[in-house]
Amino acid sequence: MMTAAAVAQLLIALAFVSIPLVRHRYGAAAKAAADAALTRQGVRPAVLEENGMRFDAGGHETWAPVGIALVMTTLAALNLAGNDWGRTLSWIIQVLVLLGNGAILYSNLTAAKSIRAAFARKADPELARIDVERFLAAAENAFPRWVMPYLQNLRHVIVFGGSILVLIALLAA
């Protein structure tokens, strides 16, 4: 059972690594599309970067998923080696990954609402003019068709399903 848990953890690691890889490959196109949408709305494209909004693989868009992937790979190695620390840490970290992915899914589903709220908190009249749905759609459409929703949904299935499999394996072991 712990071999199945380790395989699931490696698949989860790969699912998280896919995030910065896709953003690295297609983030510039998404930014260009978002910038063009803002220009059509009469908003300076630089306003996004000035307010910390990115479409590339920089910052937390890389270190967070890569960090999670490294932790999952370490847990998989410990579990394959039969190390008790692997089981103990898997209980804790796998639950955190499951909950964290739930937060990521919620964030994906409420992105426009969250961005509008963040823009409102800034009280910047330029941000207030942005049609958030339109500029997000432009950025999303710059990614290949297989990224959203297919890769995104596959990643969630792997993370949720794999985490549940790991927890079941831990109970059975």
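Here, residues in each chain are numbered from 1, in the same order as that chain's written sequence. In keeping with the predicted nature of the model, local features appear solely for residues at pLDDT of at least 70, side-chain atom pairs appear and are counted solely at 80 or more, and the whole-chain, interface and lining totals rest on all residues. In computing side-chain values, all of the structure's heavy atoms are included and hydrogens and water are not.

Further remarks concern helix H4 (residues 84–109). The end-to-end C-alpha distance of H4 is 38 Å, a good match for the 38 Å that 26 residues give at a rise of 1.5 Å each. At Ser90, H4 shows its maximal bend, which comes to roughly 35°. Turning to H4, its buried residues are Gly86, Ser90, Gln94, Val97 and Asn101. Next to the buried residues of H4 lie helix H1 (2–40), helix H3 (60–80) and helix H8 (146–172). Looking at where H4 begins, the residue whose side-chain oxygen comes 2.7 Å from the main-chain nitrogen of Trp85 is Asn83. Helix and strand definitions here come from DSSP, where helices need a minimum of 4 consecutive H or I residues and strands a minimum of 2 consecutive E residues; each element is numbered from the N-terminal end. By definition here, a helix of n residues has an expected span of 1.5 Å times n minus one. In this scheme, the bend at a residue equals the angle between the axes fitted to the seven residues that finish there and the seven that begin there. Here the term buried applies to any residue with accessible area under 20% of the maximum for its type, exposed to any over 50%, and partly exposed to those in between, with areas from a 1.4 Å probe on protein chains only. Only heavy atoms enter the contact rule, under which two residues are in contact if any of them lie within 4.5 Å. Pairs of N or O atoms are called polar contacts if they sit within 3.5 Å, as long as, within protein, a hydrogen donor faces a hydrogen acceptor (for residues adjacent in sequence, only side-chain-to-side-chain pairs).

Attention shifts here to the side chain of Asn79. Within the fold, Asn79 resides in helix H3. Here Ser90 takes part through its side chain, which lies 3.0 Å from a polar atom of the side chain of Asn79. Once residues lying within four places of it in the same chain are set aside, the contact partners of Asn79 are Met2, Ala6, Gln9, Gly86, Arg87 and Ser90.

As a further point, take the packing of aromatic side chains. Ring pairs shown here join Phe, Tyr and Trp side chains whose ring centres sit within 6.5 Å, with only the six-membered ring taken for Trp; geometry is labelled stacked below 30 degrees between planes, edge-to-face above 60, and tilted in between. Counted by the stated rule, this structure contains 1 aromatic pair. Where Tyr26 meets Trp146, the ring centres are 6.1 Å apart and the plane angle is 80°; that geometry is what we call edge-to-face. Of the two residues, Tyr26 is situated in helix H1 and Trp146 in helix H8; the sequence distance between them amounts to 120 residues. The exposure class assigned to Tyr26 is buried, which follows from its relative accessible area of 18%. A relative accessible area of 44% means that Trp146 is categorised as partly exposed. In this scheme, Lys NZ or Arg CZ marks a charge over a ring once it lies within 6 Å of the ring centre and within 35 degrees of the ring normal. The side chain of Arg155 reaches across the aromatic face of Phe16, ending 5.4 Å from its centre.

Our focus in this paragraph is the side chain of Gln41. Mapping Gln41 onto the fold places it in the loop between H1 and helix H2 (46–50). Each residue touching Gln41, except ones within four places of it in the same chain, is listed here: Arg129, Ile130, Asp131, Arg134 and Phe135.

Take the packing of helix H5 (residues 111–122) against helix H7 (residues 132–142) next. To obtain an axis, a line is fitted to C-alpha atoms, over the contacting stretch when the element is a helix, and the angle between two such axes runs from 0 to 180 degrees between their N-to-C directions. Contact geometry of H5 with H7 gives a least axis separation of 10 Å together with a crossing angle of 125°. Here H7 runs oblique to H5, going by the angle between their axes. Note that H5 runs across H7; the crossing there is right-handed. Residue-level inspection shows Ala111, Ala112, Ile115, Arg116 and Phe119 of H5 in contact with H7, the latter providing Val132, Glu133, Phe135 and Leu136. With respect to orientation, any angle under 35 degrees is reported as roughly parallel, any angle over 145 as roughly antiparallel, any angle of 65 to 115 as roughly perpendicular, and every other angle as oblique. For a crossing to be left-handed, the near helix must be turned anticlockwise from the far one by less than a right angle; the clockwise case is right-handed.

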